[in-house]
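# Commentary on secondary and tertiary structure
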Amino acid sequence: MVLFDCLLLNLMAYAVIISTSFYFYLRYRYTFWQRQGCPVPLEPNIIYGHTKEVTKMKTWVGEHYASIYFNTNGYKFVGFYQFQKPKLMLRDLNIIKDVFTKEFSTFPNRGIVFDDKLEPLTGNLLTLEGHKWKVLRNKLTPAFTIGKIKNMIDLIDGRAQEMVRILEAPAVIDEQVEFKELLARFSTDVISIVAFGFETNSLANPDAEFRKVGRMLFSTSIESIIRNALNALAPSLIGLLKVRSIKKEYADFFYNVVNDTVRYREENNIQRNDFLDLLMKIKRGQNLSSEEESKLVLNENDEKEDFKFTMDVLAAQCFVWFIGGYETSSITLTFTFFELAQNPEVQTRAQDEIDSVLIKHNGKLTYEILQEMTYLDMIVSEALRKYPPVPNLTRKAVKPYKLPNSDFTLNKGLQVVIPVYAIHNDPEYWPEPEKFIPERFTEEEKHNRPQYAYLPFGAGPRLCIGMRFGMMQVKVALFRILSTYNISLSKNMKLPIKLNPKTIPANPEGGMFLHVTKRKN
Ligand code: HEM
């Protein structure tokens with residue numbers, strides 16, 4: 001009995017020593033920024049650092065980072081912790097500008113952790129770094145020129161008109177429509193037909209396989225929470241434990257569809273002049289020429305790895321169309337319709353502009369005609385301001401960076417966060433930011449505002465490659481729906497809307513329920 005008591009006492013003593021040491025170890029880790037001479041105005045939580053609300057899925061990440069941004073007024077940059085991982089939030093627009101542009105060679109990457117050996121689809125333009133990214137960006141840019149995308153407008157218009165037809169029945173019986181889902185199906189169909197030349201039929205069939213992939217990609221799961229925690233605490237464990245970011249069955253489905261389509265086109269000598277065609281041409285070139293390699297050197301320290309454009313690389317770039325273009329465009333549309341429903345005078349002005357263009361051009365829609373619609377552009381810009389689909393941007397330092405007008409130097413390997421949602425809702429740049437005011441985007445207003453106060457597509461060499469295409473897709477859908485219907489809020493929509501804490505992009509929690517009524521001709 002005495003022996004047992006001794007053993008128990010010993011065990012308890014060990015437990016106390018271990019937990020106390022661990023506690024002090026964690027506390028020490030939270031002094032990182034202090035030791036570096038960087039301000040950390042908010043007290044971190046011992047487990048979660050400054051991201052407790054996000055990890056527990058209580059607050060949407062954009063709003064949570066905004067709470068850090070707005071509670072640290074007076075600082076140009078502040079340190080914070082994602083778990084114990086130190087990150088630097090930039091608050092000053094001049095520093096932000098430098099990070100995106102002048103200091104691009106210091107900040108060429110986002111710092112997204114990925115493992116393209118385990119998950120080939122993750123080695124894409126969004127995640128890739130250094131030389132590989134630069135090679136691909138140069139190779140893929142021709143797919144997004146005005147000349148290329150203007151030819152895609154008819155395909156997009158076809159899907160927009162299908163959406164108009166789908167809305168006929170609910171318009172007749174005055175039934176509410178969940179717009180977020182409808183627009184996600186529209187985006188899925190547009191991307192698949194435009195990028196890969198195949199019909200996914202998500203508009204006709206909400207359970208189409210591609211729509212399921214999209215739904216899975218942008219929802220939070222236990223796996224994604226574990227991944228985020230590991231990413232902050234011990235990134236090397238992600239590979240070791242083989243924690244995936246995409247469910248294997250969906251990744252396999254996507255990969256096989258691309259692989260089969262490539263094989264079919266190769267065997268039957270089919271050319272469609274779309275994104276997949278461009279990728280197939282690059283793949284046929286196999287190793288990139290040495291001439292291209294030398295032209296594409298990022299900086300003198302950049303390693304020129306042997307970069308083969310394999311089937312895996314090809315599929316990953318197709319995948320980036322999906323992750324880059326699908327959710328962002330449908331979110332932009334969802335919030336634009338939401339604001340139009342709440343601001344009938346803005347809706348009427350947009351319809352007047354659309355009607356006059358329809359009369360002038362006999363109902364035909366072209367890229368050039370879209371450019372004529374300046375008010376529509378202002379509406380979409382304001383929706384992107386209020387609800388930027390990508391709420392925070394990141395860049396990772398590949399060398400030390402001394403922050404201007406300070407004694408503080410950021411170490412190599414650390415990540416900076418640019419809190420786009422917070423900046424877009426900062427009254428210093430946007431008076432009464434909660435109001436939807438398209439007139440903020442007249443040429444004069446744009447000219448009078450600091451350029452880097454508006455970042456829905458990011459900035460610098462890593463600016464969104466699909467910006468023009470995304471804007472075109474959004475405008476075509478608005479054009480067709482507003483020319484046929486009036487939009488109003490369903491009484492089931494609770495205001496103010498809550499943004500979904502379970503997704504990274506801005507999303508209305510519970511959906512977006514709107515009514516459509518046919519306009520009188
Ligand atoms: C309204 C629609 C869209 C919005 C709001 C949007 C927003 C963004 C943002 C904020 C970034 C990060 C930029 C940065 O870090 O500076 C980005 C990157 C990217 N976007 Fe988009 N995007 C949209 C549509 C699209 C479309 C249609 C595609 C189709 C391909 C696309 C593909 C990409 C890719 C590949 C990147 C990574 C670029 C690189 O690192 O070189 N996006 N997008």
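Residues numbered from 1 in each chain as written. Predicted model: local features only at pLDDT ≥ 70, side-chain atom pairs only at ≥ 80, totals over all residues. Heavy atoms only, no water.

In the annotation of an unreviewed UniProt entry, the protein chain is listed under the name Cytochrome P450 6j1-like and assigned to Aphis craccivora. Here the protein chain is described in UniProt, under the heading Cofactor (unreviewed entry), as follows: "heme". (UniProt positions renumbered as here; feature names shortened; annotations may be inferred.)

## Quick notes on the coordination of the iron atom of the ligand
The protein gives the iron atom of the ligand a lone donor atom, C464 (SG), placed 2.3 Å from the metal. Along the chain, C464 falls in the loop between α22 (443–448) and α23 (467–484). (Donors = N, O, S within 2.8 Å, 3.2 Å for Na, K, Ca; no water. Helix = DSSP H or I, 4+ residues; strand = E, 2+ residues; numbered from the N terminus.)

## As for the side chain of R137
Here R137 is to be found in helix α6 (residues 130–140). In this structure, R137 is buried with no salt-bridge partner, the nearest side chain bearing the opposite charge being E129 at 14 Å. In this structure R137 touches L125, P461, R462, L463, C464 and I465, once residues within four positions along its chain are discounted. (Buried < 20%, exposed > 50% of the residue type's maximum accessible area, 1.4 Å probe, protein only. Lys, Arg positive; Asp, Glu negative; His and termini not counted. Salt bridge = Lys/Arg side-chain N within 4 Å of Asp/Glu carboxyl O. Contact = heavy atoms within 4.5 Å.)

## Thoughts on the UniProt feature "transmembrane region" (unreviewed entry) in the protein chain
On the UniProt side, "transmembrane region" (unreviewed entry) is annotated at positions that read residues 6–26 here. For residues 6–26, helix accounts for 100% and strand for 0%, while the C-alpha atoms at its two ends are 30 Å apart.

## A short note on the site of the ligand
R110, W133, R137, R395 and C464 are the nearest of the 28 residues found near the ligand. In this structure, an oxygen atom belonging to the ligand sits 2.7 Å away from a side-chain N or O atom of R137. Here an oxygen atom of the ligand and a side-chain polar atom of R395 are 2.7 Å apart. Contributions of two or more residues to the shell around the ligand are made by α6, α17 (311–342), β4 (393–396) and α23. For the shell around the ligand, the element with the highest residue contribution is α17, accounting for 7 residues. Looking at the shell around the ligand residue by residue, the class counts come to 16 nonpolar, 8 polar and 4 charged. (Near = heavy atom within 4 Å. Polar contact = N/O pair within 3.5 Å; in protein donor to acceptor, adjacent residues only side chain to side chain. Nonpolar A, V, L, I, M, F, W, Y, C, P; charged D, E, K, R; others polar.)

## Some remarks on the pairing of strand β7 (residues 415–418)
Taking every second residue as pointing to the same face, both faces of β7 are buried, with Q415 and V417 on one and V416 and I418 on the other. Here strand β2 (residues 85–90) runs beside β7; their pairing, made up of 3 bridges, is parallel. Bridge pairing links L88 to V416 in β7. Pairing geometry for β4 and β7, over 4 bridges, is antiparallel. Paired with R395 across the bridge in β7 is V416. (Pairing = 2+ DSSP bridges.)

## Considerations on the sheet that holds strand β8 (residues 485–489)
Taken in spatial order, the 3 strands make up an open sheet running β3-β9-β8, and their pairing is antiparallel. Each of the sheet's edge strands pairs with one partner strand only, and the pair in question is β3 (177–178) and β8. Pairing of β3 with strand β9 (residues 513–518), which is carried by 2 bridges, proceeds in the antiparallel orientation. Its bridge partner lying in β9, E178 is registered against F513. Contacts from α17 reach β8 and β9, with the element oriented near 85 degrees to β8. (Axes fitted to C-alpha atoms, helices over the stretch in contact; angles between N-to-C directions.)

## Digging into the domain arrangement of the protein chain
Domain parsing of the protein chain yields domain 1 (1–35) and domain 2 (37–518). For domain 1 and domain 2, the distance between their C-alpha centres works out to 45 Å. Every contact between the two is made by 10 residues of domain 1 and, on the other side, 22 residues of domain 2. Both faces considered, domain 1 and domain 2 share a buried interface measuring about 1200 Å² in area, 64% of it formed by carbon and sulfur atoms. Among the residues of domain 1 in contact with domain 2, R29, Y30 and W33 are the three that bury the most area, contributing 70% of the side total. Where domain 1 packs against domain 2, one counts 0 salt bridges. Here domain 1 is connected to domain 2 by 14 residue pairs in polar contact (both at pLDDT 80 or more). For the side of domain 1 that touches domain 2, a count of residues per class yields 5 nonpolar, 2 polar and 3 charged. (Domains from an automatic or database assignment. Buried area = accessible area lost by both parts, 1.4 Å probe.)

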